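Structural overview
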Amino acid sequence: MFYYILKYVVLGPVLRLLFRPRIEGLENIPEDGAAIVAGNHLSFSDHFLMPAILKRRITFLAKAEYFTGPGIKGRLTAAFFRSAGQIPVDRSGKDAGRAAIREGLGVLDKGELLGIYPEGTRSHDGRLYKGKVGVAVMALTAQVPVIPCAMVGTFEIQPPGQVVPKIKRVAIRFGEPLDFSRYAGMENQRAAIRAVTDEIMYAILELSGQEYVDEYAARAKAAEQAAAPPRKFPKLRR
């Protein structure tokens, strides 16, 4: 119930008014039945803008940190994500990927829309990074179509680290559903799931027009931070 209050009464109308999203390909979202919407991830705003314009409810696998933040802000954020029906996923440890796949398949088994960002994290520089194979495993296991989605302009309105987004028009593009039935029964074959993942990422790339980097986003971000010069602090006068 609270999800629909947010969507149609509280948050949705405000987002549509402020950011006036240009929507392309909305007809590619099936009216019913299970499907995966796989998109690029440029901004915290992505979590709200895409659900606001979809006619159907969509459930995202959200990082567990959104549910465990400290203080009043942390509790409010956790309450919001839970009320919106988002599922926390612990991304640490060797079993993190299996947990995400298990939760995602649970959503698809109920015939619902599952939203996922194959890059695994927000892009820190606006480029599109290599996709993780969990999206392919879920698509092949559940035998559902994948609708590629591109958020355009959300990095400019709210890049990582910026709390309040700029008021600027954005675009949301949905591509034609991708059918992977030719890979049926191959969800445990590494070459197959890599091929499916790469096809999904290429479809997102065609929609977004981003520069592509054949490296995982988290690894690229960590390497950039490690190479950055240490911050200098002013010396204290004695």
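A quick note: this is a predicted structure, and the numbers were derived from the prediction, not measured.

Focus on the overall build of the protein
For the protein, the helix and strand inventory stands at 8 helices and 9 strands. Here the protein holds 238 residues, and the buried ones make up 45% of them. Summing over all exposed atoms, the protein offers an accessible surface of approximately 13,300 Å²; the carbon and sulfur share of this is 55%.

Observations regarding the nonpolar core
Soluble, globular proteins show a tendency: their nonpolar side chains are buried together. Core analysis: the largest hydrophobic core is formed by 31 residues, its most contacted members being Ile 36, Met 138, Val 146, Phe 180 and Ile 200. Elements that contribute at least two residues to this core include exactly strand 2 (35–39), strand 4 (87–89), helix 4 (96–109), strand 5 (113–116), helix 5 (134–142) and helix 7 (190–208). Here this core takes 7 residues from helix 7, the largest share from any one element. When sequence neighbours within four positions are dropped, the list of residues in contact with Ile 200 reads Ala 38, Val 135, Val 146, Leu 178 and Phe 180. Core analysis: the next-biggest nonpolar cluster, separate from the first, contains 22 residues, Phe 19, Ile 53, Phe 60 and Cys 149 among them.

As for a nonpolar patch on the surface
Taken together, the side chains of Tyr 4, Ile 5, Tyr 8, Val 9 and Val 10 make up a nonpolar region of the molecular surface, amounting to roughly 460 Å² of accessible area. Owing to a relative accessible area of 45%, Tyr 8 belongs among the partly exposed residues under this scheme.

Some points on helix 7
Over its 19 residues, helix 7 runs 27 Å from end to end, which matches the ideal 27 Å to within 8%, given 1.5 Å per residue. Residues Ala 192, Ile 193, Arg 194, Val 196, Thr 197, Ile 200, Met 201, Ala 203, Ile 204, Leu 207 and Ser 208 constitute the buried set of helix 7. The secondary structure elements touched by the buried residues of helix 7 are strand 2, strand 6 (128–129), helix 5, strand 7 (146–152) and strand 8 (171–174).

Describing the environment of Leu 17
Relative to the helices and strands, Leu 17 resides in helix 1 (residues 2–19). Leu 17 gets classed as exposed once you look at its relative accessible area, which sits at 65%.

Section: the side chain of Thr 197
In this fold, Thr 197 is placed in helix 7. Leaving out residues up to four positions away in the same chain, Thr 197 has contacts with Gly 131, Lys 132, Val 133, Val 135 and Ala 136.

Parameters at a glance
- Residue indices begin from 1 for each chain and proceed along its sequence in written order.
- Reporting in this predicted model follows two pLDDT cut-offs: at least 70 for local features of residues, and 80 or more for side-chain atom pairs to be given and counted; totals over whole chains, interfaces and linings ignore these cut-offs and use all residues.
- Each side-chain value is worked out from all heavy atoms of the structure, with water and hydrogens disregarded.
- Here a helix means four or more residues in a row that DSSP labels H or I, a strand means two or more in a row labelled E, and each is numbered from the N terminus.
- Accessible area is worked out with a 1.4 Å probe on protein chains only. A residue is then buried under 20% of its type maximum, exposed over 50%, and partly exposed in between.
- Each accessible area is a Shrake-Rupley estimate made with a 1.4 Å probe; only the visible protein chains count as cover when residues are assessed.
- For our purposes a nonpolar core is just a set of buried Ala, Val, Leu, Ile, Met, Phe, Trp, Tyr and Cys residues, chained together by side-chain atoms within 4.5 Å.
- The criterion used for residue contact is that any of the two residues' heavy atoms lie within 4.5 Å.
- Only residues whose relative accessible area exceeds 30% and that take part in no salt bridge are eligible for patches, with like-charged residues grouped when within 9 Å of each other and nonpolar side chains (Val, Leu, Ile, Met, Phe, Trp, Tyr) grouped when within 5 Å.
- Each reported salt bridge corresponds to a side-chain nitrogen of Lys or Arg within 4 Å of a carboxyl oxygen of Asp or Glu.
- To estimate the expected span of a helix, count its residues, drop one, and scale the result by 1.5 Å.

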